[in-house]
2 protein chains.
Amino acid sequence: MREVAVLGIGQTSVDEHWDKSIRMLAGEAVLAALQDAGRDTADVLYVGNMMSGNASRQQHLGAMVADWVGMRYCEAFKLESACGSGAAAFRAGMMAVASGEVESAVVVGVEKMTDSPGSEMTAALATAADADWEADMGVSFVALNALIMQRYMHEYGWKHADFAAFSINAHANAVHNPFARLQDAVTEAEYARAHMIADPINLLDASPMGDGAAAAVLVPARTVRSSGKPVIKIAGSGSATDTIAIHSRRDALWLSAAERSARQVYQQAGVEPQDIDVFEAHDAFTIMAALSLEACGFAERGQGPRLALDGEILPSGRVPIATRGGLKARGHPVGATGMYQLVEVVQQLRGEAGSTQVDGARVGMAQNIGGSGSNIVTHILRTE
Amino acid sequence: MREVAVLGIGQTSVDEHWDKSIRMLAGEAVLAALQDAGRDTADVLYVGNMMSGNASRQQHLGAMVADWVGMRYCEAFKLESACGSGAAAFRAGMMAVASGEVESAVVVGVEKMTDSPGSEMTAALATAADADWEADMGVSFVALNALIMQRYMHEYGWKHADFAAFSINAHANAVHNPFARLQDAVTEAEYARAHMIADPINLLDASPMGDGAAAAVLVPARTVRSSGKPVIKIAGSGSATDTIAIHSRRDALWLSAAERSARQVYQQAGVEPQDIDVFEAHDAFTIMAALSLEACGFAERGQGPRLALDGEILPSGRVPIATRGGLKARGHPVGATGMYQLVEVVQQLRGEAGSTQVDGARVGMAQNIGGSGSNIVTHILRTE
């Protein structure tokens, strides 16, 4: 396999884009990425998306977006793995270029959620759970995560307040990201009195839905080298699954798929957790940030919140996460999220992250989680 | 890129499988393919599916099917490109193995349609059309194809009866395929008096919906060689798109994406149309069979029906199509169809097609169409 690098990135703001259809959103991100790459087109286009069939009555986004951005006739597919769809599409693009089958790929994650009634989106999100054994029992996606968080607090003795630092860091960083959905800082007191959604998950534990799209242009690393632009290589790409139904797992408090995919990328990149300068974790809920940090080897089992409490997850800390706001405050347009994470890691490695820039960031990791840990795709990007 | 070959195939019957959930259907085909390959597992699993989010309230089929077939923890994604989803997944599996990223891939196309009310499925199928410019105007998928067929007849002077031979051939072949949905022969008289759906498309022009799954195990060609089994190589894999909305095309009667993807595979495989021994075309409607034959170079523009009228599409003819019943009579479980076509081509190349075996078949082609020609994936398989 030949080395693949990111040549361009683009994104829309995460917002309630009532004036833009799903093709317009995806198109905006794709064209921004192509412009950033100095290209007019790419050989293939892969779309990461979860729920356009429900939310926009539109499947078949590959052909649709290709036509819209002036890439009519090119190869184009959609990849879906629930909230992990974005990174799945990125991985497909990486493999297409790595295989030598194509010389360039543009990958876009897109989701449009706010045009539909909330109840419909709650039902659509529940299609990421096990329809027969979870959703059919009436359990929503937040409720599933609440069960995990409840058990985690019971098992390891954490209080709800101990998770506040995850939310506070994400919101503080989002203030400086013009693309973020919630650009406002929050305090410990606000966290404590936020509305309860599904005990113990309250409004400030949970990421907001939104409409948005983020994209990247992938080419062989040698193509970037000869262009004179900074070379940001895909040093590792890992992917693993677990049972969808949480009750079927050996350990509901351990993200096996995160551990497996992280191990794959560490090995491919030849690095250890301590070599990661910035980590865009999948903090759909504060508990997921904690579990992700543990499974990837940044914290001992049951000790994820300690990192947050000690300030180690801040941009100045040992393991900076949610540096552009994370899912919590940048927003979580589900099928787009994985691509936002990767775009943000590229911003960090290029030194374009402004007030939340991680000093001297050279190795960045992004981890995209589908379902409650059932499909996890991890990437390591590295400057050359 | 290294050469990739098909080591094993499996399929369920296309039927109203009210007693089987979507994971059970997919699992049955995957396990049959693994057994045929003499394997317990594969490195990755890709699922081709279009509408499980609507029909089964279940997205995230990758992780779900992987767990169900005993491949928990492996990489698994779903690919979607409307009715072209099956071949899209096959192509993703091919690239994963070709890239060297994995040593084996199992690919399954699956769709479950008959548990939902027909009106709901008609609406779900319409998500393959352009939501803003086609579906929103109330046009169904059959209606779109009826418009094309109407224009085709007007333009080239064909009568409706001239399309009967496509349907008669498909049904005659399905009689000998135990997996086919409609295992009964039809006559010219029956074709003429079949119920009208959307003029000029009647019930015997249109393929039936159904539940079903078909799967294949892909490995490097050298792995098959060393196993002593027959080597069926993927000699060509091509993919192209066109506008989704038919009114945006330069020519509504020409499948540009079929022409483009066919040219790609002819070039890769180093063959011409006349070298193809068997061609599993996407005969969702009789008009699509005609257009596909023309775009792939088997007939002159506007002359597709002539091949059928002359008996050239029969198993004994020059361009045998629908040799196991095609979409028309084997059935069209949309996201699974592309994989059924490929499995059937493998059956032909192995000489396992029974009464509808094409004598001495060594080069087979399968063409899977998403939308009314908007996403087309073509493969050529060849015995070594």
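Let me begin by describing the structure that accompanies this report. (Residues numbered from 1 in each chain as written. Chains lettered and ligands numbered in written order. Predicted model: local features only at pLDDT ≥ 70, side-chain atom pairs only at ≥ 80, totals over all residues. Heavy atoms only, no water.)

1. Topic: the overall build of chain A
Line of reasoning, step 1. When helices and strands are tallied, chain A shows 14 helices and 11 strands.
Line of reasoning, step 2. In terms of overall dimensions, chain A has C-alpha extents of about 55 × 45 × 40 Å along its principal axes.
Line of reasoning, step 3. A sequence separation of at least 24 residues applies to 77% of the contacts in chain A between residues at least 6 apart.
Line of reasoning, step 4. When the 30 positive and 44 negative side-chain charges of chain A are each reduced to one mean point, those points stand 4 Å apart. (Helix = DSSP H or I, 4+ residues; strand = E, 2+ residues; numbered from the N terminus. Contact = heavy atoms within 4.5 Å. Lys, Arg positive; Asp, Glu negative; His and termini not counted. Charge placed at Lys NZ, Arg CZ, Asp CG, Glu CD.)

2. Some words on the relation of the copies chain A and chain B
Line of reasoning, step 1. Once chain A is rotated about the relating axis by 180° and shifted along it by 0.0 Å, it coincides with chain B to within an RMSD of 0.0 Å. This pairing of chains is accounted for by a two-fold axis. When C-alpha distances to the rotation axis are compared across chain A, the minimum falls at Ser-99 of chain A, with a value of 1.9 Å.
Line of reasoning, step 2. Looking at the interface residues of chain A, 100% of them are also at the interface in chain B, so both copies use one shared face. (Least-squares fit on C-alpha atoms with pLDDT ≥ 70 in both.)

3. Things to note about the interface of chain A and chain B
Line of reasoning, step 1. Each partner contributes residues to the interface: chain A has 62 residues there, and chain B has 63 residues.
Line of reasoning, step 2. When the two sides are added together, the surface that chain A and chain B hide from each other amounts to roughly 5,000 Å², 48% of it contributed by carbon and sulfur.
Line of reasoning, step 3. Among the residues of chain A in contact with chain B, His-60, Tyr-73 and Phe-77 of chain A are the three that bury the most area, contributing 16% of the side total.
Line of reasoning, step 4. Taken together, the connections running from chain A to chain B amount to eight salt bridges. (Buried area = accessible area lost by both parts, 1.4 Å probe. Salt bridge = Lys/Arg side-chain N within 4 Å of Asp/Glu carboxyl O.)

4. Let's talk about the pairing of strand β3 (residues 75-80) of chain B
Line of reasoning, step 1. Counted residue by residue, β3 of chain B has six buried out of six residues, so it is predominantly covered.
Line of reasoning, step 2. Where burial is concerned, the two faces of β3 of chain B agree: the one with Glu-75, Phe-77 and Leu-79 of chain B and the one with Ala-76, Lys-78 and Glu-80 of chain B are both buried.
Line of reasoning, step 3. As paired elements, strand β3 (residues 75-80) of chain A and β3 of chain B share three bridges and run antiparallel to each other. Across the sheet, Glu-80 of chain A pairs through a bridge with Lys-78 of chain B, a residue of β3 of chain B. (Buried < 20%, exposed > 50% of the residue type's maximum accessible area, 1.4 Å probe, protein only. Pairing = 2+ DSSP bridges.)

5. Brief notes about the environment of Met-209 of chain A
All names here are of chain A.
Line of reasoning, step 1. Structurally, the position occupied by Met-209 is in the loop between β6 (201-202) and β7 (212-220).
Line of reasoning, step 2. Between the alpha carbons of Met-209 and Gln-264 there is a distance of 30 Å; along the sequence they are 55 residues apart.
Line of reasoning, step 3. Setting aside chain neighbours within four positions, we find Met-209 in contact with Met-113, Met-121, Leu-125, Arg-181 and His-332.

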